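Overview (structure and organization)
Listed below, chain by chain, are the residues.
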Amino acid sequence: MRAWRLPVALAVSCFGCVGPLANLKEVARTPLDGVPVVLRHAPDAQEVELLVDALSRATPAVRRWGGLSTAVTLHVVPHHRAFERALGRAEPTLHAWARYDEILLESPASWGADVEQLRALLAHELTHCVTFQRLGTAQDWQQRVLPFWFREGLATVTAGQAADFPTLEELAGALRPVPIDEAFDRAERSVSVNYRHAYGLAHHAVVFLLRRHGDGAVPQILAALREGKSFDDAFKAATGVERLAFEHDALNYIRLRGFRGWGLPLKTLPSPRAK
Ligand SMILES: [Zn+2]
C-alpha cells in the first residue's frame, strides 16, 4: 500500500523498464495543476474513469508542498502477482510504490478499493513524487536520505490517512517501555511485521512538526536538501531545532500524553528564516 523501505526500492531503476509493464498502453492523461499524470493501463481495463476521478481528488495533496515539476507516469498492473513482478520482490501488503516520476499501482479492482481509498493511496504516492522532485533532480534524488518518519509521515498526513493507524493513546502505551533514543529506529525496523505502529508514529511525528513549525518548514527542508545539505542540516536550517531534539520532543509529547492538553499549550515556533 505504501512506499516503504526506500533503499530497497532503489534497486529498481525504473518501472517502465521491466517486463510486466510492456503490455500497458497510455489510456488517459490527467493534468494536476498543469503537470500531467500519464495513466498506463492494460488494454481491457474497465477502471480508467475511477482512476481519473481519484487522481483529480488527490490534487489538493499534490498542491500542498508545491506541486509536481515533472510529469508522473502511473503504471496500473492487473493483479498483485504482476505488481510484485514489476517491483522485483515480494511485498504482500503493498498496493503501490512511488519513485521520482513513476507510480506502480496494483489495479484497484484486485484489492477492492473504492474511490476514497484510491484517492488516499494516490495522494500518498503523489506526495512521495512531489517530495522527491522537490528535494533533488531526476539524477540525484536517490542520494538524498530522508528519515522514515519524515518521508512516510509526510505522505500519510497529506493523504489524510490517520484513521488507518493507531491513535495517540495507543502509541503512548506502545512507546512506554521503549528507550527514547531507539523508538524511531525500532519502529522502522519492525515495519514489515507491524507497519501500523511504524506508520502511526511517523504520522504523528509529522503532525507534531507541522503544529510546531508550520507548513512552511517542509518546503524549506526540501529546498535545503536540494542545495546539497544533509537532512539534519536542512532540518536545523528550516526549524532552528536539532533533529534529535525535535525527535525527543515529539516522542515525549506522545509518551507523556501531552496531547491530552496538560501543561503549557504547544506553541508555533518562529522560523529562523523569518527573523
Ligand atoms: Zn509511502
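Before reading further, recall that the structure is shown in the block above.
Just so we're clear, the structure is a prediction, and the values are computed from it rather than from any experiment. All chains use their own residue numbering, which begins from 1 and follows the written sequence. In view of the model being predicted, local features appear only for residues whose pLDDT reaches at least 70, and side-chain atom pairs are presented and counted only at 80 or more, with totals across whole chains, interfaces and linings using the full set of residues. The side-chain values count all of the structure's non-hydrogen atoms but skip hydrogen atoms and water molecules.

1. With respect to the overall build of the protein chain
Counting its secondary structure elements, the protein chain contains 13 helices and five strands. Exposure categories follow from relative accessible area, calculated using a 1.4 Å probe and restricted to protein chains: below 20% of the type maximum is buried, above 50% is exposed, and the middle band is partly exposed. Here the protein chain holds 275 residues, and the buried ones make up 52% of them. A total accessible area of about 12,100 Å² is found for the protein chain, and carbon and sulfur atoms account for 53% of it. Helix and strand assignments follow DSSP, with helices taken as H or I runs no shorter than four residues and strands as E runs no shorter than two, numbered in order from the N terminus. To be clear on the numbers: accessible area is Shrake-Rupley with a 1.4 Å probe, and residue cover counts the displayed protein chains and nothing else.

2. Digging into helix α7 (residues 148-159)
Helical geometry: 3.6 residues make up each α-helical turn, so side chains three or four residues apart lie on a common side. Here the expected length of a helix is defined as 1.5 Å per residue gap, with one fewer gap than residues. Look at α7: 16 Å from first C-alpha to last across 12 residues, which is about the 16 Å you get at 1.5 Å a residue. Among the 12 residues that make up α7, 12 are buried, leaving the element largely enclosed by the rest of the structure. Among the residues of α7, those classed as buried are F148, W149, F150, R151, E152, G153, L154, A155, T156, V157, T158 and A159.

3. A word on the nonpolar core
Membership of the largest hydrophobic core comes to 73 residues, with the highest contact counts inside it found for L68, L74, L105, L126, W149 and F150. Annotation comment: domain bounds sourced from an automatic or database domain assignment. Here this core spans two domains, and each of domain 1 (6-141) and domain 2 (146-274) adds at least three residues to it. Contacts: residue pairs with any heavy atoms within 4.5 Å of one another. Residues in contact with L126, not counting those within four places in the same chain, are L32, V37, L55, A58, V62, L68, V72 and I103. Grouping buried Ala, Val, Leu, Ile, Met, Phe, Trp, Tyr and Cys residues that are joined through side-chain atoms within 4.5 Å yields what is termed a nonpolar core. One finds L24, F83, L87 and L94 within the second-largest nonpolar core, a separate group that totals 11 residues.

4. Considerations on the coordination of the zinc ion
For the zinc ion, the full set of protein donor atoms is H124 (NE2), H128 (NE2) and E152 (OE), at a range of 2.0 to 2.1 Å. Ligating atoms shown are N, O and S within 2.8 Å of the metal, or 3.2 Å for Na, K and Ca, and water is not included, meaning a site may look less than complete. Here the donor residues for the zinc ion map to a single chain with the spacing H-x3-H-x23-E. Pair noted here: H128 is in helix α6 (residues 115-135) and E152 is in helix α7, with a separation of 24 residues, a long-range link.

5. Quick word on the packing of helix α11 (residues 217-226) against helix α12 (residues 231-239)
Any two packed helices are characterised by how steeply their axes cross, that is the angle between the axes, and by the distance between the axes. Closest axis-to-axis distance for the α11/α12 pair is 8 Å, and the angle between their directions is 140°. In terms of their interaxial angle, α11 and α12 are classed as oblique. At the point where α11 passes α12, the crossing takes the right-handed sense. Of the residues in α12, those in contact with A217, Q220, I221, A224 and L225 of α11 are F231, A234, F235, A238 and T239. All amino acids are sorted into three groups, where Ala, Val, Leu, Ile, Met, Phe, Trp, Tyr, Cys and Pro are nonpolar, Asp, Glu, Lys and Arg are charged, and the leftover types, Gly among them, are polar. Classifying every residue of the contact of α11 with α12 gives eight nonpolar, two polar and no charged. A fitted line through C-alpha atoms represents every axis, and for helices the fit uses only the stretch in contact; the resulting angles, taken between N-to-C directions, go from 0 to 180 degrees. Should an angle fall under 35 degrees it is called roughly parallel, over 145 degrees roughly antiparallel, and 65 to 115 degrees roughly perpendicular, with every other angle called oblique. By definition, turning the near helix anticlockwise from the far helix through less than a right angle yields a left-handed crossing, and turning it clockwise yields a right-handed one.

6. Considerations on the side chain of D140
As for its placement among the helices and strands, D140 is situated in the loop between α6 and α7. At 3.2 Å, the side chain of D140 forms a polar contact with the side chain of R144. Under the rule applied, a polar contact is a pair of N or O atoms within 3.5 Å (in protein, one hydrogen donor and one hydrogen acceptor; residues adjacent in sequence only if both atoms are side-chain atoms).

7. Here's the deal with the packing of aromatic side chains
Pairing of aromatic rings covers Phe, Tyr and Trp, the last through its six-membered ring, and needs centres within 6.5 Å; plane angles under 30 degrees mean stacked, over 60 mean edge-to-face, and all others mean tilted. Enumeration over the complete set of coordinates arrives at 16 aromatic pairs. Note on F231 and F235: the rings are 5.8 Å apart at their centroids and 35° apart in plane angle, and the pair reads as tilted. Residue F231 and its partner F235 are both found in helix α12; the two are separated by four residues, about one turn of the helix. Through a chain of ring-to-ring contacts, three or more aromatic side chains come together here, namely W149, F150, F184, F208, F231, F235, F246, Y253 and F259.

8. Notes on the sheet that holds strand β5 (residues 102-106)
Here a strand pair is declared whenever DSSP counts at least two bridges between the two strands. On the basis of which strands lie adjacent, the open sheet formed by five strands has the order β1-β2-β3-β5-β4 and mixed pairing. If you trace the sheet from one side to the other, it starts and ends with β1 (25-32) and β4 (96-98), each paired once. With direction set aside, neighbouring strand axes in the sheet form an average angle of 15°. Where strand β2 (residues 35-41) meets strand β3 (residues 72-77), four bridges bridge the pair, whose relative direction is parallel. What sits directly across from V38, in β3, is T73. Its contacts with the sheet place helix α4 (residues 80-87) against β3, β4 and β5, and it is angled at close to 150° to β5.

9. Comments concerning the pattern of salt bridges
Basic side-chain nitrogens of Lys or Arg form a salt bridge, by our definition, when they fall within 4 Å of a carboxyl oxygen of Asp or Glu. As enumerated under the stated definition, the model contains 17 salt bridges in all. With a closest N to O distance of 2.8 Å, D249 and R212 form a salt bridge. Linking D249 in helix α13 (residues 243-255) with R212 in helix α10 (residues 195-213), this pair joins segments that are 37 residues apart in sequence. Assessed through its relative accessible area of 9%, R212 is described here as buried.

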